[in-house]
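Breakdown of the fold
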Amino acid sequence: MTTVTVISAGLRSPSSTKLLADQLADAVRRQLGAVDIHDIEVRDLAHEITDALLTGFPTGALKDALEQVTASDAIIAVTPTFQASYSGLFKSFVDLIEPDTLRGTPVLVAATGGTERHSLAIDHALRPLFAYMGAFVLPTGVYAATSDFGGEGAAALERRIERAAGELRTVLGGSSIRKPKVDEFADVTPFEQLLTTAN
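Report follows, based on the coordinates. All of these numbers come straight from a predicted model, not from anything done at the bench.

Basis of the calculations
- Residues numbered from 1 in each chain as written.
- Predicted model: local features only at pLDDT ≥ 70, side-chain atom pairs only at ≥ 80, totals over all residues.
- Heavy atoms only, no water.
- Phe/Tyr/Trp six-rings, centres within 6.5 Å; stacked < 30°, edge-to-face > 60°.
- Helix = DSSP H or I, 4+ residues; strand = E, 2+ residues; numbered from the N terminus.
- Buried < 20%, exposed > 50% of the residue type's maximum accessible area, 1.4 Å probe, protein only.
- Pairing = 2+ DSSP bridges.

**Side note on the packing of aromatic side chains**
Following the criterion strictly, the structure yields 2 aromatic pairs and no others. Here the aromatic rings of Tyr86 and Phe90 are separated by 6.1 Å at their centres, their planes lie at 40°, and the arrangement is tilted. Ring geometry for Phe90 versus Phe130: centroids 6.4 Å apart, planes at 65°, classification edge-to-face. Residue Phe90 is found in helix α4 (residues 88-95), and its partner Phe130 is found in helix α5 (residues 121-132); the two are separated by 40 residues along the sequence. Ring pairing ties together the aromatic residues Tyr86, Phe90 and Phe130, which thus form one cluster.

If you want it as structure tokens, here you go:
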């Protein structure tokens, strides 16, 4: 069965970020039918994230969460927006994901914020972050301002959510673009060795 992991980095409870994450998960269920969805609330792992950043060794629930992320067929990543970028706690969690383990993994990126002014965080912060990690970032990123929840922007938000979920369905249902999780530079000859060979 297809496995999708939802990373939600809302800092409060209740959280508009978690609300958006739930709406995206529901849309993916509607689009994909049989899908196994796992939720990771980064807020619950805050202390373990700090410990892991200081020691270099994730343990317990954090270790399990990171393994769940890397084993997933796809990821939905949702963060609140602060200072026109993702939250520090969200980035700290992502920093603990092992290099190359997301290579080729489809990622649906989403963010929440107080106003529409922060919507560019999708394209100038989230998209480059996951592209750097080698993930396949879906074309439609979903941004939700406070006014989009139950206000006049609610219908447009719902359309963005359905479009993004449809893109994820297309990627997961068609021929996979996911590549084996290998280091492409593992067999590269070190520069120092090239110098000694040339002499």
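**Looking at the pairing of strand β5 (residues 106-113)**
Side-chain positions along a regular strand alternate between the two faces of the sheet. Here β5 lies mainly inside the structure; 8 of its 8 residues are buried. Here strand β3 (residues 74-82) pairs with β5 via 6 bridges, running parallel. In the strand pairing of β5, Val78 is matched with Ala110. The sheet contact formed by β5 and strand β7 (residues 142-145) spans 4 bridges and is parallel. By the bridge assignment, Ala110 is partnered in β7 with Val142.

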